[in-house]
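# Architecture and fold: a report
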Amino acid sequence: MNVVITPAMVGQVVISGLLSGVLYGMVALGLALIFGVMRIINVAHGPLLMLGAYTTFFFYSTWGLNPYLTVPLSMLVLFGVGWLLERTLVFRVVDAPELSSLLLTFGISIALVNGAQLAFTSDLRAVEYLTGSWMVGPFALSKSRVIAFVFAGGLTAAAFLFLSYTRLGKAIRATSQSREVAMVCGIDVGAIHRLTFGLASALAAAGGALIAVIVAIQPEMGQIWTFKSFLVIVLGGAGNYPGALLGGMLLGLVEQLASLFLTTQLSEVVAYVLLVLVLLVRPTGLLGGRQT
Amino acid sequence: MKRLAVGGALGIALIALAMYPAYGTGYGNRAMLQIFMWIALAGSWNIISGLTGYVSFGHVAFFGAGAYTAGILIASRAWSWPMAAVAGGVAAGVLALGIGGPCLRLKGPYFAIAMLGLNEVLRALVSYFERLTGGGNGLSLPTLDATVPIYYAMGLTAIAVTLAARLIIGSRFGLRLMTIREDEVAAESMGIPTFRHKLLAFLLSAIGPGIAGALTARDQGYIEPLSVFPLATTITMIVMTLFGGKGTVWGPVLGAVVLFVAQEIVWARYPYIHPLLFGAIIIAVVLAMPRGVLGLLQLKYRLPRTI
Amino acid sequence: MTRNAVGALLAAVTVATAAVLTTALMVDAQGPIRLGASLSLTGTYAKLGKNQHEGYQLCIKELNAKGGLLGRKVELVVYDDQSLPPTGVRLYEKLITEDKVDAVMGPYSSPITEAVANVTEKYKKVMVSPLAATTSIFKKEPRRRYIFMVISPAEGYLEGLIDIASKRGLKTVAVVNEDTLFSKAAAAGAVDLAKKKGMQVVFQEAYPKGNTDFSALLTKIKSTNADVIAAATYFDDAVALTRQMKELNVNPRMYGVTGGRRPPEFYDTLKGNAEYIYGATQWEPVLNYPGNKEFFESYKAEFKHEPSYHSTAGYAGCAIYAEGVKRAGSLEADKVREQLLKLETKTAFGDYKVDQDGFQLAHKMVTFQWQKEKKVVVWPDDLVQGKVLFPTPPWNQR
């Protein structure tokens, strides 16, 4: 069937795409940090997001807390989890070839997912908090997505400020550029790694907390976020932190536009083809990152 | 003397395997078939990633490509399954040549992610072209009970892959591949045409999975995108190779047998938690024995490269 | 002389011992009837596979309490197929050829049943497949002789919705579905039926499994102004779709899903936004099928949660198999098959009657509508419990 596509429809879809895009960007920023600082591809990123969503659900259902208030709580919890993971397992593969980190984080990822299935069962949970949308002209802005957008934007901005202006943030960037020189400058690289992993987990958790009101929560929900975060990093350029945000928005837009002009099924194909194309044509990312 | 002993042992093992279907149960045949499949997969992955160090993180794409090629040929064009298996191998090889070209220019983690992306692209494309592949419905093959012939075919594939690995590792070509793994820049400056070597290794590593996929499709009688393109299969073949010994000839064989048997036993006893246990095994292998069993033995007892 | 006597005595003792041992063994061989199955205890279908497992378990418990089957106790042997067809295939081979179970029951879901049926047909084992809803499994050539369907086929899930719509004079339908076996069949059935009733299908699109953002899809649907939206979904996509319909202010006059049946989750999740939605279900606790209420209570007491239709289908499937064995008076596949083909009965799950391919003919899908926090059965006419609230009011008027 041929649906006539009007500019208003395109506009609506662009808005939706940007709203999700910022969320993608925030979550991908976490992955970018891990890759930039530790040269590790963290396949467990999605499951960490999933745990963030469950943490929010837990606070919401046990104590009736406003889910948005639980965002910092989830972030804190997962910061701890990430810190612990680095301290016990991940630090061992920091200097190893990428195969080791890929496998290790994959092992962690299935352990986390299966653990969640055992602990929480596969019952779908959801947080019913804010539904409906605000109308701006002919466009509908989903309330929950707008709030997620605001939070994600705020957190990403805070992350950038942290990275650019605080001593710790600069230490992270220094380690990201050259570990040897950072060590020579007296930076405790091990501590930086733990901090980075914790921070990345916290960002993933924030993503999970924010989408807990949008989608159904179940143990496998994170997998697709891992893939999307990879995509975003490739688009934005590895190690390019602002690139993660822009890459996220680009992905959001591409997905929705492909879904509108083609079919929703094809939008999945388009996203992955884009990944492979960008890698082949401009491996440093559309916005320029680092080779390796 | 030693050579004769080893050769004799090998010969006996092969004869025993050849006679097995006469005594084995239906389940036993299928299980052995699976082991052969894993040997072919792990051994093939070893050829590209074990030797050159380029981590093919989407290697199951060749398996899926072979499965669907054969599936479509058998279901809609009534090809015989042996011909379809060959076609599966050819399709996988063509795919490897096509994407190897651009992909092998990528370094380290980028190559890994590109292969992962490729796997997903194939899966999504197969789902999309429904009329050809059945899409989300899956593809159902005409019913045929060919488990025993396929047992032999898969066995031959496993033997072929292991033989290929043996020949490559024992040759100059293999040495050059390993040089690429150690230091690609140095290899190039020594005059090794690295790109061509990588591409050849990549091509050889795709054929085995392609044929294995085709045979599996025939044996199962039903395939769907999610079951022939799963990341878990890539991970499993990697872990098997790592466990046995990356870059060795018999490492993937050892890893495939040990891990498959372990999985079957764990499944039977711990239905609800085996993914957790599998994850733990992966972590243990990566952290405690990245060289793998044979790798460690090689180091300790100065075993030859071609073990 | 003595030696011969001793020899004779030894021989006699040996023979006697052998006789005693063999009879002992034979008595043991009369041991429990072992029923085998692989179920999705982990993986994508984990929750539903577990419910089916519990259904089987309750059925067997009740059978044993009433004296077992053919005078023997029944035992269930279950493996986890991880929601993967190839694993299921291997496990059924194991059950049949190594564990040598006496009979098998079906796994969860159509894809796995399809793959596994090749195995059970090869060994000529009767398999009642309670959780397979895809017609093609039962109609595949060459026809399968030993599998039996219990639930209504996928194609009928949206039948109630379309039927009510056409009776109310609605003209246009938009159909969306997840791109997996069951949803595609349900969508195809809906499209077929709509066309037969003279309605126009103005939009049809599939979305990949796991998709959570339907903005573009819904924007397109909104522009068609379809009277009816028929969505062949599972649970989480139904939730996402509904929420986003509200956000984008998409207001069809009827909106039905195939995943909205599980109380209380669907309503708990969507709260007021679930009102007026039509759902389809294979079974409801309130239907007055024989033994339904008792089953509901026993299941709740045993497993501490309410059964879903998967539980009930598993329970009924096992009971139907047992009935077939009882009537045949034996476990022999061909005899049991004959009985199952002839059998017409009503269980807690509903009607059972199959055609010569084992395809379910009698079981009825039930369409309900969420009205004031309750599910009210509105179709088919002979099971109706309340009137339809029509048309569905626009979101901003609720």
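Residues numbered from 1 in each chain as written. Chains lettered and ligands numbered in written order. Predicted model: local features only at pLDDT ≥ 70, side-chain atom pairs only at ≥ 80, totals over all residues. Heavy atoms only, no water.

The secondary structure content of chain B amounts to 15 helices and 2 strands. In summary, chain B has a C-alpha radius of gyration of 19 Å against a globular reference of 19 Å for 307 residues, a match within 12%. Expressed along its principal axes, the backbone C-alpha trace of chain B runs to roughly 50 × 45 × 40 Å. Taken across its 307 residues, chain B has 58% of its residues classed as buried. Residue pairs at least 24 apart in sequence account for 79% of intrachain contacts in chain B once pairs closer than 6 positions are excluded. Approximately 12,300 Å² of chain B is accessible, and the part contributed by carbon and sulfur atoms is 70%. (Helix = DSSP H or I, 4+ residues; strand = E, 2+ residues; numbered from the N terminus. Rg over C-alpha atoms; globule rule 2.2 N^0.38 Å. Buried < 20%, exposed > 50% of the residue type's maximum accessible area, 1.4 Å probe, protein only. Contact = heavy atoms within 4.5 Å. Areas by Shrake-Rupley, 256 points an atom, 1.4 Å probe, with all protein chains shown as cover.)

This part takes up the environment of lysine 375 of chain C. All names here are of chain C. Its place among the elements puts lysine 375 in strand S14 (residues 374–379). What makes lysine 375 buried here is its relative accessible area of 17%. Residues lysine 375 and valine 286, spaced 89 residues apart in sequence, show a C-alpha to C-alpha distance of 9.7 Å. In this structure the side chain of lysine 375 is engaged in a polar contact, spanning 2.7 Å, whose partner is the side chain of glutamate 284. (Polar contact = N/O pair within 3.5 Å; in protein donor to acceptor, adjacent residues only side chain to side chain.)

Attention now goes to the nonpolar core. Residues Met26, Leu103 and Ile108 of chain A together with Phe57, Phe62, Phe202 and Ile282 of chain B are the most contacted members of the largest nonpolar core, which totals 186 residues. Contacts of phenylalanine 62 of chain B, omitting those with residues within four sequence positions, involve Ala92, Leu95, Ala96, Ile99, Met115, Phe202, Ala206, Pro209 and Gly210 of chain B. Counting residues in each nonpolar core, the second largest holds 108 residues, with Val78, Ala186, Ile320 and Ala322 of chain C among its members. (Core = buried A, V, L, I, M, F, W, Y, C linked by side-chain atoms within 4.5 Å.)

Further remarks concern the sheet that holds strand S1 (residues 33–39) of chain C. Residue and element names in this part refer to chain C. Ordered in space as S2-S1-S3-S4-S5, the 5 strands form an open sheet in which the pairing is parallel. The open sheet has two free edges, formed respectively by strand S2 (74–80) and strand S5 (147–149), since each of these has just one partner strand. Strand after strand, the sheet turns through a mean of 25 degrees between neighbouring axes, direction not considered. As judged from the 3 bridges shared by strand S4 (residues 127–129) and S5, these two strands associate in the parallel manner. Note that in S5 the partner of valine 128 across the bridge is phenylalanine 148. (Pairing = 2+ DSSP bridges. Axes fitted to C-alpha atoms, helices over the stretch in contact; angles between N-to-C directions.)

On to the side chain of threonine 56 of chain A. Residue and element names in this part refer to chain A. Here threonine 56 shows up in helix H2 (residues 45–63). At 3.3 Å, the side chain of threonine 56 and the side chain of threonine 70 are in polar contact. Leave out the neighbours within four places in its chain, and threonine 56 touches Pro67, Thr70, Ser74, Ala209 and Ala212.

Residues and elements named next belong to chain C. If you walk through the whole model with that rule in mind, you get 1 disulfide over all chains. Note that cysteine 59 is cross-linked by a disulfide to cysteine 318, the S-S spacing being 2.0 Å. With the S-S bond torsion at -70 degrees, the cross-link from cysteine 59 to cysteine 318 turns out left-handed. Note that cysteine 59 is positioned in helix H2 (residues 46–65) and cysteine 318 in helix H12 (residues 309–328), a separation of 259 residues in sequence. For the residue pair cysteine 59 and cysteine 318, the accessibility class agrees, reading buried in each case. (Disulfide = S-S within 2.5 Å.)

Let us look at the pairing of strand S13 (residues 366–371) of chain C. Residue and element names in this part refer to chain C. Within S13, 6 of the 6 residues are buried, leaving the element largely enclosed by the surrounding structure. Side chains Val366, Phe368 and Trp370 project from S13 onto one buried face, and the interleaved Thr367, Gln369 and Gln371 project onto a second face that is buried too. Across 5 bridges, the pairing between S13 and S14 is antiparallel. Paired with threonine 367 across the strands is tryptophan 379, a residue of S14.

Turning to the interface of chain A and chain B, a few remarks are in order. Accessible area lost when the parts come together is the quantity often used to give the size of an interface. Listed per partner, the contact involves 38 residues of chain A and 42 residues of chain B. The contact between chain A and chain B buries some 3,400 Å² in all, and 82% of this surface belongs to carbon and sulfur atoms. There are 1 salt bridge connecting chain A and chain B. Residue arginine 123 of chain B pairs with glutamate 268 of chain A through a salt bridge whose shortest N-O separation is 3.5 Å. For the interface between chain A and chain B, the tally reads 3 residue pairs in polar contact (both at pLDDT 80 or more). Elements represented by at least two residues in the side of chain A that touches chain B include exactly helix H4 (98–120), helix H9 (223–236) and helix H11 (264–281) of chain A. (Buried area = accessible area lost by both parts, 1.4 Å probe. Salt bridge = Lys/Arg side-chain N within 4 Å of Asp/Glu carboxyl O.)

Below, the discussion takes up the sheet that holds S14 of chain C. All names here are of chain C. In space, the 7 strands of this open sheet follow the order S7-S6-S8-S9-S10-S13-S14, with mixed pairing throughout. At either end of the open sheet lies a strand with only one pairing partner, and these are strand S7 (200–207) and S14. Geometrically, the sheet is characterised by an average inter-axis angle of 25 degrees between neighbouring strands, direction not taken into account. Across 5 bridges, the pairing between strand S6 (residues 172–178) and strand S8 (residues 228–232) is parallel. Across the sheet, the residue bridging to asparagine 177 is alanine 232, located in S8.

This part takes up the interface of chain B and chain C. Listed by partner, the interface residues are 30 residues for chain B and 31 residues for chain C. Of the roughly 2,600 Å² buried where chain B meets chain C, counting both sides, 56% is carbon and sulfur surface. The tally of links between chain B and chain C comes to 4 salt bridges. For the salt bridge of lysine 122 of chain C with aspartate 145 of chain B, the shortest nitrogen-to-oxygen distance reads 3.4 Å.

The next subject is the packing of aromatic side chains. Residue and element names in this part refer to chain C. Overall, the coordinates contain 24 aromatic pairs over all chains when judged by the stated rule. Ring geometry for tyrosine 299 against phenylalanine 303: centres 4.9 Å apart, planes inclined by 50 degrees, an arrangement best described as tilted. Residue tyrosine 299 and its partner phenylalanine 303 are located together in helix H11 (residues 292–303), separated by 4 residues, close to a single helical turn. A residue is classified by how much of its surface remains accessible, and tyrosine 299, at 0% relative accessible area, is buried. One aromatic cluster is present, built from ring pairs that chain together Trp283, Phe295, Tyr299, Phe303 and Tyr315. In this structure, lysine 375 is placed above the aromatic ring of phenylalanine 368, and the distance from its NZ or CZ to the ring centre is 4.9 Å. (Phe/Tyr/Trp six-rings, centres within 6.5 Å; stacked < 30°, edge-to-face > 60°. Lys NZ or Arg CZ within 6 Å of the ring centre and 35° of its normal.)

Let us look at a nonpolar patch on the surface. All names here are of chain B. Taken together, the side chains of Leu10, Leu14, Leu156, Ile159 and Trp250 define a hydrophobic patch exposed on the protein surface, amounting to about 450 Å² of accessible area. For the nonpolar patch, the secondary-structure elements that each account for two or more residues are helix H1 (2–23) and helix H7 (147–169). One can find leucine 14 in helix H1. (Patch = residues over 30% accessible without salt bridge, like charges linked within 9 Å, V, L, I, M, F, W, Y side chains within 5 Å.)

What follows covers the confidence of the model for chain A. On average, residues of chain A score 87 in pLDDT, and 97% of them reach the 70 mark or higher. Confidence, expressed as mean pLDDT per element, reaches its minimum in chain A at H11 of chain A with 84 and its maximum at helix H3 (residues 70–88) of chain A with 94. (pLDDT = per-residue confidence, 0-100.)

What follows is about helix H7 (residues 181–196) of chain C. Residue and element names in this part refer to chain C. Its 16 residues place the ends of H7 23 Å apart at the C-alpha level, agreeing with the 22 Å of an ideal helix rising 1.5 Å per residue. Most of H7 sits inside the fold, with 12 of its 16 residues counted as buried. Downstream of H7 by a residue or two, glycine 198 has a phi angle that is positive, lying close to 80 degrees. (Expected span 1.5 Å × (residues − 1).)

So, on to the pattern of salt bridges. Side-chain pairs of opposite charge can arise whenever the charged atoms involved come near each other. The full count for this structure, using the stated rule, is 31 salt bridges over all chains. With its nearest N and O atoms 2.5 Å apart, the salt bridge here joins lysine 61 of chain C to glutamate 302 of chain C. Of the two residues, lysine 61 of chain C sits in helix H2 while glutamate 302 of chain C sits in helix H11, which places them 241 residues apart along the sequence. Note on lysine 61 of chain C: relative accessible area 47%, which makes it partly exposed. For glutamate 302 of chain C, a relative accessible area of 34% corresponds to the partly exposed category. Residue aspartate 351 of chain C pairs with lysine 346 of chain C through a salt bridge whose shortest N-O separation is 3.2 Å. Overlapping salt bridges, with partners in common, bring together Arg30, Asp145 and Asp219 of chain B together with Glu93 and Lys122 of chain C in one network.

Residue and element names in this part refer to chain C. The amide bond that connects tryptophan 379 to the next residue, proline 380, takes the cis arrangement and shows omega of 0 degrees. With an omega of -10 degrees, the peptide bond running from phenylalanine 390 to proline 391 counts as cis. For proline 391, the position within the fold is in the segment after S14. Its identity as a non-glycine residue notwithstanding, serine 109 has a phi of 85 degrees, on the positive side. Examined against the element boundaries, serine 109 turns out to sit in the loop between strand S3 (103–105) and helix H4 (110–122). Judged by relative accessible area, serine 109 falls into the buried class, the value being 6%.

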